[in-house]
Structures are given as C-alpha cells and as structure tokens.
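The residues making up each chain are set out below.
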Amino acid sequence: MLSRAFTTPRKSFRYGETSCRSASIHEYEDCIIGFMDDPPLNTCHDVPGAIRLTLREVLRGSVGVVGQSRLGMIEKVVLLGGQVCSLKRFREVSLKRIEFGRRIERLAEVSKQCQYLVPVTSYLYTRRIKFVVSHYFPMGSLADLLAGARELGHTALDWKQRLKIVFHMARAIAFIHGQSPSQEKHLILNIHGNIKSSNVMINCDFEASLSDYGFVQLAERVKLSATWQGKPPPNSKPSPYIESFSQKCDIYNCGIILLDLLAGPKAPESKNEIIEKKEEIKKGICQFFEFSTEGKARKQALKVLDIALACTNNSPDARPSMEQILLYLGDIIK
C-alpha cells in the first residue's frame, strides 16, 4: 500500500529491492521518513469534487493496491468521512517539482471541461513519492469488468451498454485531439498517450470516462519485471497496445479496445484473420461477436467492426481521425 513507501526499507529504495512489512499506519506512524509535519496535498483549482487532504489522511485511508501499470500503482483510499478516492503512485518521475505541478494543473484544467475525462483533484510531490488523486469508480475499469465476467464464463455487458461505452470513449479522445493550442511549453495537450481498456473507467450507469490523460508526460514507464517488491507482471502475454506518443497511436489503441469489446481478448491478436473472414462475419457464417446480437444491433456492431479495423490499419496515415470516428458513431447510434 501507499503507506509502505514511507517505512524504512530493509535493502535499498529501488523498485524490486525494497521489502517492507505490511502494517497499519498506526503501527509505524513515527517511522514516516522525511515528514516532521503533516503536509497538505496540492489541490487542483476549480475541479469538481476536489477536497483538501493531507498526507497522513491519505496514508490512513489507503486500503490496498487495486491495479498497476508500467507508470505506477493504483490504490483505493477510503477517507475518515467515508469518501472514496483513487490514488496513482508513479514509479519513476524525472520532472522537477514545479514542472510536475504545472503540468498536472494544466491537464486537470483541460480534463474538467469534458465530462468523459477523469480529472486529477490533488497531488503530492516529495523526494520519495509522487502521486495524484482522482475520483473513484466502484465499477472499476472496462478491463476489470470484462475480465471478471469472462473468468466466470459470463457476458458482462450487452450491446447497448458496449456501444454507450464506445461512444463516451470516442468523445473523450476527440476532445483531447481537438485541443488548441496543441502544445504549451513542454506539454502536449492534444494527445492522450496511454489509451487502453484499464484506463476506461465505468460508473454505475455504464457511462465511461477516460483516465490517465497526459500521465505519460508526468512519469516514465518502467518494466513490470522490476516492479515494487519484485512481483512478476500480471500478464505474461505481450500487450496489443502500442506506446508511441501520437494521435495515430491513440486511434490505434482505441481500435484495439473496440475489437476487444466486439469479440473478446483474442480479437486484437487475430486482426488479419478477421479481415480475411470479414464477409463471412457479415453474413453470419462464422461466430464472431462475444454477445448476443441481431437485427439493428447486429448492423450497428458490424459498422463498429469496420471502425475498429480502420483504426488498427498498419499504416498510420490510413487511420481515420477521431473527428471522423465520432461522426461514424453518431450515424450508427441514430
């Protein structure tokens, strides 16, 4: 948990070498390193739902790691008043304090203008730890939702819910890609940079919001094989997503999510086979969709498949823009 980052390590502080005993904050409160006082978190200005927190409040509320990526670890924090928030602790940050704060404030300012983006509400930068706090989504991410159901042999979402999630995700990416000016100093505003199903957050009404906007410009990606406490990466298979920083890569990764939503986790790996059997899929000769669909819903799903294949075209220049994708989706939903 987050609190472990402040206990005295038995080896060095490098990831993969630190070993700390799990304990309640009350057991090692006096061992917190580098903080004689209780420093407040920096609150992002005018972000809805932002509350003033201190480091000790966050430490006491951290209940466990709920996810991890090459950028950092995600923890669920339950505050004394009952409010729940999500915290992302970055593994490696090379930015200086002032630049780190400037970038977060600007990204939060952009995010709050779009209802389909998850804004950062507060953050902390110290010598030993850097993290951001944002809203918590009890339904978890799209990746969690799909994986949990698939493990049980169930279909987590019907087509109507999936189409809704696709549309909201596209709205978020299109909003980012439409930012002008596209760059301020060393910060690129019109690229997300880390689109994947684990960053598509779902609320109780199956509305989707995109998280981690701009986070690749705050921290460095590290190899999961060298992560905290030497734990192995959760998935041994190579990721279908690409990590290049461009709008075309955002679009490619959006297409990967669409394929996953349409036909399951093996679909992105079978893209060439899907293209070869596209006519058979359209005629219903071969089983493709993960969910039950017929009539209008089937026609909609086939059109989304066309979008997914266009997004994942091997030639970046051949991929549609997010503005075009949003227009296509608008026509499909009518």
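Summary of the structure given here. Everything numeric here is computed off the predicted structure, so don't read it as measured data.

Rules used throughout
- Residues numbered from 1 in each chain as written.
- Predicted model: local features only at pLDDT ≥ 70, side-chain atom pairs only at ≥ 80, totals over all residues.
- Heavy atoms only, no water.
- Helix = DSSP H or I, 4+ residues; strand = E, 2+ residues; numbered from the N terminus.
- Buried < 20%, exposed > 50% of the residue type's maximum accessible area, 1.4 Å probe, protein only.
- Contact = heavy atoms within 4.5 Å.
- Polar contact = N/O pair within 3.5 Å; in protein donor to acceptor, adjacent residues only side chain to side chain.
- Salt bridge = Lys/Arg side-chain N within 4 Å of Asp/Glu carboxyl O.

This part covers the environment of Leu-157. When you line up the elements, Leu-157 lands in the loop between helix H4 (142–151) and helix H5 (159–177). A residue is classified by how much of its surface remains accessible, and Leu-157, at 1% relative accessible area, is buried. On a C-alpha basis, the gap between Leu-157 and Phe-206 in space is 9.0 Å, while along the polypeptide they are 49 residues apart. When near neighbours in sequence (up to four residues on either side) are disregarded, Leu-157 contacts Leu-142, Leu-145, Leu-146, Arg-162, Ile-165, Phe-206, Leu-261 and Phe-291.

Here Asn-253 shows up in helix H6 (residues 247–263). Sequence spacing of Asn-253 and Thr-312 is 59 residues, and the spatial spacing of their C-alpha atoms is 7.5 Å. In this structure the side chain of Asn-253 is engaged in a polar contact, spanning 2.9 Å, whose partner is the backbone oxygen of Ile-242.

Attention shifts here to the environment of Thr-293. Tracing the chain through its elements places Thr-293 in the loop between helix H8 (278–283) and helix H9 (295–311). C-alpha separation for the pair Thr-293 and Lys-160, spaced 133 residues apart in sequence, amounts to 9.9 Å. At 2.9 Å, the side chain of Thr-293 forms a polar contact with the backbone nitrogen of Arg-298.

Let us now look at the pattern of salt bridges. Scanning all chains against the criterion turns up twelve salt bridges. The salt bridge partner of Glu-75 is Arg-89, with a shortest N-O separation of 3.0 Å. With Glu-75 in strand S3 (residues 72–78) and Arg-89 in strand S4 (residues 84–90), this residue pair connects regions lying 14 residues apart in the sequence. Each member of the pair Glu-75 and Arg-89 is classed as buried.

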